[in-house]
Amino acid sequence: METSVKVAVIATLGLYICVNLAMAEVEKIGVLSQCSWAGLYNFGDSNSDTGGISAAFEPVTSPYGMTFFKKPSGRLTDGRLLFDFLAEYIGLPYASAYLDTINTDYRHGANFATGGSTIRRQNETIFQNGISPFSLDIQAIQFTQFKARIVDLWIGHPHPAADASQLQRPDDFSKALFTIDIGQNDLSVAFRTLTKQQLRATIPNIIDEFASSVQQLYEQGARSFWIHNTGPVGCLPVATFYIRNPNPGYLDRNGCIRYQNEVAMEFNRQLKARLIRLRSELTKAAITYVDVYTAKYNLISNSKQYGFSDPLKICCGHHENDVHVFCGKYGIVNGTRVRGDACKNPAKYVSWDGVHMTEAANKWVANHALNGSLSDPPIPVTHACYKHL
Ligand SMILES: *[C@@H]1O[C@H](CO)[C@@H](O)[C@H](O)[C@H]1NC(C)=O
Ligand SMILES: *[C@@H]1O[C@H](CO)[C@@H](O)[C@H](O)[C@H]1NC(C)=O
Ligand SMILES: *[C@@H]1O[C@H](CO)[C@@H](O)[C@H](O)[C@H]1NC(C)=O
């Protein structure tokens, strides 16, 4: 009995649910049934961290979380993240952070993203510039361990007190959606430490490491990937705040740092090309590339038209005399102690804290990026199990 159960579970681990999809069929997406996702596994940085860095280091404090959760939730925004809207869109609960231990639920997946994560391992600690030690390859290793321990719990030699009731079933991993949203911090570190030429030369290496992590997840049974590209990092107010008398052309018409966005776009071009190649290497995987950059840049370029104020102003934090007091923190301005407080109406702002978007902006981006209009192949996240040929 025990042996046959074991064989059955191992057999289903090798199963994949991806269905081949010819280009002509993409146009008929409406007639295809939605994927029945058994879970959601996410890898990334603060754009999708739902409590990882709070669990591993210091908790995110108030006023983060004020709009939706009404208390700090470990997310670096006032409410929900793009990733939370994605979970809602496919009908799954918000994913618990893998590193969290209290009140977590891993029946429908887990979130390995942590604020400050990079694709490549960095040679600095989190205490210098906030770079997380949980780089993408480490997150893939954590997933590997997570899965191995779950398999052991169900079919190996479980500890008598083991409780699998809050965990995904082993045969559900290949029926889960794997999402990745990372890259921005690799670029931020590079802007800080490399010349422009060095930076361009290093992008292929960053992309290779990204592909290795996708491959590692694939080897662990991941079959459906929904991969966000990186956003317009040159439009982050924390960077643009300090610019005085820029040379002509340094900023674009929105006030964003042009060359930083060009680097982000180059990163995205190479990421997309590599993912298209990966489709032929990882033959059982459905890999969707999602152009979140375009959604974010569109919102920043037309913020007033969409009901938002100046996209380079922040809702939370205090910036004065080149002193930046981060959201929820204290600092000294003119010899006076100042707190980085929140505005009254976060929904009017694109940027929450100078680095992360508000819930309202995240929702706007979700409305434009999840329905397939910015993805390659052009399928919505509900259909990301269909393999593009
Ligand atoms: C970190 O240091 C090692 C050893 O010097 C080096 O090989 C590696 O490229 C460095 N990583 C980064 C991201 O700079
Ligand atoms: C700092 O000084 C400037 C100029 O005197 C003043 O406008 C500003 O309100 C002061 N800020 C704080 C936080 O006291
Ligand atoms: C996706 O949503 C956006 C924003 O509502 C809309 O403009 C676009 O036409 C939609 N695309 C598809 C393919 O449904």
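In this text, all values refer to a predicted model and were calculated from it rather than measured experimentally.

Student: Is there a simple way to explain the overall build of the protein chain in this structure?
Tutor: Of the regular secondary structure elements, the protein chain holds 12 helices and 12 strands. Relative to the compact-globule value of 21 Å for 389 residues, the protein chain shows a C-alpha radius of gyration of 21 Å, a close match. Its C-alpha atoms give the protein chain principal-axis dimensions of about 75 × 50 × 40 Å. Sequence-distant contacts in the protein chain: of pairs separated by 6 or more residues, those separated by 24 or more amount to 73%. For the protein chain, the exposed surface amounts to about 17,200 Å²; the carbon and sulfur share of it is 53%.

Student: How should the side chain of Ser54 be read in this particular structure?
Tutor: Secondary-structure assignment places Ser54 in helix 3 (residues 52–56). With a relative accessible area of 16%, Ser54 lands in the buried category. A distance of 2.8 Å separates a polar atom in the side chain of Ser54 from the backbone nitrogen of Val60.

Student: Can you walk me through the site of ligand 1 in this structure?
Tutor: Every residue lining ligand 1 is accounted for by Arg121, Gln122 and Asn123. Side-chain polar atom of Asn123 to an oxygen atom of ligand 1: 2.2 Å apart, as the coordinates give it. Burial of ligand 1 by the surrounding chains reaches 34%, relative to a free accessible area of 360 Å².

Student: Would you take a moment to explain the pairing of strand 5 (residues 224–228) for this structure?
Tutor: Along any regular strand, the residues point their side chains to alternate faces of the sheet. Taken across its five residues, strand 5 has five buried, putting it largely inside the fold. Side chains Ser224, Trp226 and His228 of strand 5 all project onto a buried face; the interleaved residues Phe225 and Ile227 project onto the opposite face, where all are buried too. Pairing analysis gives five bridges linking strand 4 (residues 176–181) to strand 5, with the strands arranged parallel. Its bridge partner being in strand 5, Thr179 is matched across the sheet by Trp226. In this structure, strand 5 lies alongside strand 6 (residues 286–290), joined through five bridges in parallel fashion. Paired with Phe225 across the two strands is Ile287, which belongs to strand 6.

Student: Explain the packing of aromatic side chains to me, please; I cannot follow it from the model alone.
Tutor: If you walk through the whole model with that rule in mind, you get 24 aromatic pairs. With centroids separated by 5.3 Å and ring planes inclined at 70°, the aromatic side chains of Tyr41 and Phe143 adopt a geometry described as edge-to-face. In this pair, Tyr41 is assigned in strand 2 (residues 39–44) and Phe143 in helix 6 (residues 136–155), connecting sequence segments 102 residues apart. Of the two residues, Tyr41 and Phe143, both sit in the buried class. An angle of 85° between the planes, with centres 5.8 Å apart, marks the rings of Phe112 and Phe146 as edge-to-face. Of the two residues, Phe112 is situated in the loop between strand 3 (109–111) and helix 5 (126–129) and Phe146 in helix 6; the sequence distance between them amounts to 34 residues.

Student: I keep staring at the domain arrangement of the protein chain and nothing clicks. Help me out?
Tutor: A common way to state how big an interface is: give the accessible area lost once the parts meet. Once the domains are mapped, the protein chain shows domain 1 (1–31) and domain 2 (38–383). The C-alpha-based centres of domain 1 and domain 2 are spaced at 28 Å.

Student: Looking at this structure, I do not really get helix 12 (residues 359–369). What am I missing?
Tutor: At 3.6 residues per turn, the α-helix brings residues three or four places apart onto the same side. Along helix 12, the residues classified as buried are Glu359, Ala361, Asn362, Trp364, Val365, Ala366 and Ala369. Looking at the buried side of helix 12, the elements it contacts are helix 4 (82–89), strand 5, strand 6 and helix 11 (292–301).

Student: Would you explain the sheet that holds strand 11 (residues 375–376) in this entry?
Tutor: The strands that make up a sheet are held in pairs by hydrogen bonds between backbone atoms, and each pair lies either parallel or antiparallel. The mixed open sheet is built from six strands, whose spatial order is 3-2-4-5-6-11. One side of each edge strand has no neighbouring strand; the edge strands of this open sheet are strand 3 and strand 11. Along the sheet, helix 10 (residues 258–281) makes contact with strand 5, strand 6 and strand 11, crossing strand 6 at roughly 165°.

Student: Sorry, what's going on with the site of ligand 2 here?
Tutor: Close contacts around ligand 2 come from Glu320, Asn334 and Val338, and that covers them all. Between ligand 2 and Glu320, the relevant distance is 2.7 Å, taken from a nitrogen atom to a side-chain nitrogen or oxygen of the residue.

Student: Explanation requested: the nonpolar core in the structure shown.
Tutor: In globular proteins that are soluble, nonpolar side chains generally tend to be buried together. Of all hydrophobic cores here, the largest spans 83 residues; its most connected members are Tyr41, Phe43, Leu177, Ile180, Phe210, Phe225 and Ile227. Among the elements that line this core, the one with the most residues is helix 8 (residues 196–219), at nine residues. Listed in part, the nine residues of the second largest apolar core include Val60, Tyr64, Cys327 and Tyr349.

Student: Mind showing me how you'd approach the state of the cysteines here?
Tutor: Disulfide: a covalent bond connecting the sulfur atoms of a pair of cysteines. All told, the structure shown has four disulfides when counted by the stated rule. One disulfide in the model links Cys35 with Cys385; its S-S distance is 2.1 Å. Taking the sign of the torsion about the S-S bond as the criterion, the disulfide between Cys35 and Cys385, at about -95°, is left-handed. Of this pair, Cys35 sits in the loop between helix 2 (23–26) and strand 2 while Cys385 sits in the loop between strand 11 and strand 12 (386–388), and the two are 350 residues apart along the sequence. For Cys35, a relative accessible area of 9% puts it in the buried group. A relative accessible area of 6% means that Cys385 is categorised as buried. The partner cysteine of Cys235 in its disulfide is Cys256, sulfur to sulfur 2.2 Å. Every disulfide takes its handedness from the sign of the S-S torsion; for Cys235 and Cys256 that torsion is 105°, giving right-handed. Of the two residues, Cys235 is situated in the loop between strand 5 and helix 9 (237–240) and Cys256 in the loop between helix 9 and helix 10; the sequence distance between them amounts to 21 residues.

Rules behind the numbers
- Residues numbered from 1 in each chain as written.
- Chains lettered and ligands numbered in written order.
- Predicted model: local features only at pLDDT ≥ 70, side-chain atom pairs only at ≥ 80, totals over all residues.
- Heavy atoms only, no water.
- Helix = DSSP H or I, 4+ residues; strand = E, 2+ residues; numbered from the N terminus.
- Rg over C-alpha atoms; globule rule 2.2 N^0.38 Å.
- Contact = heavy atoms within 4.5 Å.
- Areas by Shrake-Rupley, 256 points an atom, 1.4 Å probe, with all protein chains shown as cover.
- Buried < 20%, exposed > 50% of the residue type's maximum accessible area, 1.4 Å probe, protein only.
- Polar contact = N/O pair within 3.5 Å; in protein donor to acceptor, adjacent residues only side chain to side chain.
- Near = heavy atom within 4 Å.
- Pairing = 2+ DSSP bridges.
- Phe/Tyr/Trp six-rings, centres within 6.5 Å; stacked < 30°, edge-to-face > 60°.
- Domains from an automatic or database assignment.
- Axes fitted to C-alpha atoms, helices over the stretch in contact; angles between N-to-C directions.
- Core = buried A, V, L, I, M, F, W, Y, C linked by side-chain atoms within 4.5 Å.
- Disulfide = S-S within 2.5 Å.

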